[in-house]
Amino acid sequence: MVQCSITTTLINGGIAGLIGVTCVFPIDLAKTRLQNQQNGSRMYTSMSDCLIKTIRSDGYFGMYRGAAVNLTLVTPEKAIKLAANDFFRHHLSKDGQKLTLFKEMLAGCGAGTCQVIITTPMEMLKIQLQDAGRIAAQRKLMPQVAGGPAVEKSPTAMQLTRDLLKSKGIAGLYKGLGATLLRDVPFSIIYFPLFANLNNLGRRGDEGTAPFYVSFVSGCIAGSTAAVAVNPVDVIKTRLQSLTRGTHEDTYSGVTDCIRKILRHEGPTAFLKGAYCRALVIAPLFGIAQVVYFLGVGEFLLGLLPKRQN
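Per an unreviewed UniProt entry, the recorded name for the protein is Mitochondrial glutamate carrier 1, and the organism is Scleropages formosus. Under the Function (unreviewed entry) heading, UniProt states for the protein: "Mitochondrial glutamate/H(+) symporter. Responsible for the transport of glutamate from the cytosol into the mitochondrial matrix with the concomitant import of a proton. Plays a role in the control of glucose-stimulated insulin secretion."

Rendered as structure tokens:
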């Protein structure tokens with residue numbers, strides 16, 4: 001990857017996040033709903049079934065429930081993740097020498113740890129908004145399973161934030177922090193070294209850079225591989241961060257309790273729920289991110305700013 005200034009890196013990461021989320025958000029919504037449904041309360045049989053039923057019940061824009069939260073917070077989240085990885089890689093390298101695999105993994109670990117500052121509250125709010133349609137549909141079509149009357153109006157992100165801060169303080173927005181760390185740190189440890197090595201295979205000569213399409217494909221392969229590898233933890237995180245459930249759906253007190261109940265009631269295959277959707281979400285998201293880096297969008301935008309006179 002081309003070395004950029006911290007400002008350029010932040011701009012590139014933010015733009016990549018905005019473009020990627022807009023493209024793949026409906027698939028991410030399907031992933032959340034598939035991961036949250038439990039045995040006895042299954043509303044959807046597959047990703048396509050989930051999206052079709054969502055469009056029928058909520059219209060086209062129903063697939064973008066929670067998108068505003070993601071579009072608002074994905075810019076700092078992706079910026080922190082990508083900038084932190086660049087920062088750690090720079091400081092771990094000696095005189096510009098190639099990093100060892102261990103140091104590449106260490107840089108990825110640092111990036112994953114830094115990003116949870118934004119990722120945890122973003123995911124917390126996004127999951128409530130994404131899953132609201134599933135709960136509403138259950139209460140309407142399966143009242144014996146969901147329990148309670150149908151709710152006509154879904155809460156907004158601001159309402160959820162106010163309620164969480166009022167009832168639980170800032171800790172309410174950081175519910176599932178441990179599970180988020182368990183997902184994002186291994187993801188970054190896998191993704192960044194794998195991308196760097198795949199991208200190096202397409203470099204033009206020893207000093208050249210890889211073409212943009214190589215960066216895109218490398219980002220897609222590395223992203224989807226890392227996404228599937230950490231999907232079991234993503235299932236746990238999604239379940240822990242979901243506040244609203246049907247009457248007969250399990251609640252969880254922590255990571256170990258969640259693992260135990262999923263294994264007991266749904267079996268080990270439940271940890272693979274949404275893996276296909278997650279791979280489809282992450283692959284283009286990180287492929288786009290690497291292309292934005294390659295094209296130097298951040299440098300271009302900075303170049304449009306008026307130069308300050310001395």
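What is the right way to read the overall build of the protein from this model?
Along the protein, the regular secondary structure elements total 13 helices and 0 strands. Counting helices and strands in the order they occur from the N terminus, the protein gives α-α-α-α-α-α-α-α-α-α-α-α-α. Expressed as a percentage of its 310 residues, the buried residues of the protein come to 51%. At a minimum sequence separation of 6, the contacts of the protein that also span at least 24 residues come to 80%. When the accessible surface of the protein is split by element, carbon and sulfur atoms take 66% of a total near 14800 Å².

I tried to follow the pattern of salt bridges on my own but got confused; where do I start?
Scanning all chains against the criterion turns up 14 salt bridges. Among the salt bridges present, the one from K126 reaches D28, with a minimum N-O distance of 2.8 Å. Placement of the pair is K126 in helix α4 (residues 101-141) and D28 in helix α1 (residues 6-36), with a sequence separation of 98 residues. Taken individually, K126 and D28 each receive the classification buried, so the pair is uniform in this respect.

Hey, could you run me through the nonpolar core in this one?
As a rule of thumb, nonpolar side chains are buried together in soluble globular proteins. Counting residues in each nonpolar core, the largest one holds 44 residues, and the members touching the most others are M47, F187, Y191 and I282. Elements with a contribution of two residues or more to this core: α1, α2 (47-58), α3 (67-92), α4, α6 (157-168), α8 (177-201), α9 (212-229) and α12 (275-295). Setting aside its immediate chain neighbours within four residues, I282 contacts F187, G223, S224 and A227.

When you look at the environment of A179 in this model, what are you seeing that I'm missing?
The residue A179 is located in helix α8 in this model. Along the sequence, A179 and V255 sit 76 residues apart, while their C-alpha atoms lie 6.8 Å from each other. Ignoring anything within four residues of it in the chain, the contact list for A179 reads V233, K237, L240 and V255.

Sorry if this is basic, but what is going on with α2 here?
In this model α2 runs 16 Å from its N-terminal to its C-terminal C-alpha over 12 residues, within 8% of the 16 Å that 1.5 Å per residue would give. What α2 keeps buried is the set M47, D49, C50, L51 and T54. After α2 finishes, the residue G59 shows a positive phi value of roughly 80°.

Before we go on, may I ask you to explain the packing of aromatic side chains in this structure?
The description of an aromatic ring pair uses the distance of the two centres, along with the angle that the planes make with each other. Applying the stated criterion to the full structure yields 10 aromatic pairs. With centroids separated by 6.0 Å and ring planes inclined at 45°, the aromatic side chains of Y60 and Y64 adopt a geometry described as tilted. Aromatic pair F187 and Y191: ring centres 5.9 Å apart, planes at 10°, arrangement stacked. Remark: Y191 and F187 occur in helix α8; sequence separation between them is 4 residues, near one turn of the helix. For the pair F187 and Y191, a shared accessibility class is recorded, and that class is buried. Put simply, the rings of F187, Y191, F192, F195 and F286 pair up and form one aromatic cluster.

It is not clear to me how a nonpolar patch on the surface should be interpreted in this structure. Could you clarify?
A surface patch of nonpolar side chains, amounting to about 230 Å² of accessible area, comprises F216, V217 and I221. A residue is classified by how much of its surface remains accessible, and V217, at 42% relative accessible area, is partly exposed.

For this particular structure, what's the right way to read the state of the cysteines?
Disulfide: a covalent bond connecting the sulfur atoms of a pair of cysteines. This structure, assessed with the given rule, holds 0 disulfides. Free of any disulfide, C109 has its nearest neighbouring cysteine sulfur in C114, separated by 9.4 Å.

Conventions adopted
- Residues numbered from 1 in each chain as written.
- Predicted model: local features only at pLDDT ≥ 70, side-chain atom pairs only at ≥ 80, totals over all residues.
- Heavy atoms only, no water.
- UniProt positions renumbered as here; feature names shortened; annotations may be inferred.
- Helix = DSSP H or I, 4+ residues; strand = E, 2+ residues; numbered from the N terminus.
- Buried < 20%, exposed > 50% of the residue type's maximum accessible area, 1.4 Å probe, protein only.
- Contact = heavy atoms within 4.5 Å.
- Areas by Shrake-Rupley, 256 points an atom, 1.4 Å probe, with all protein chains shown as cover.
- Salt bridge = Lys/Arg side-chain N within 4 Å of Asp/Glu carboxyl O.
- Core = buried A, V, L, I, M, F, W, Y, C linked by side-chain atoms within 4.5 Å.
- Expected span 1.5 Å × (residues − 1).
- Phe/Tyr/Trp six-rings, centres within 6.5 Å; stacked < 30°, edge-to-face > 60°.
- Patch = residues over 30% accessible without salt bridge, like charges linked within 9 Å, V, L, I, M, F, W, Y side chains within 5 Å.
- Disulfide = S-S within 2.5 Å.

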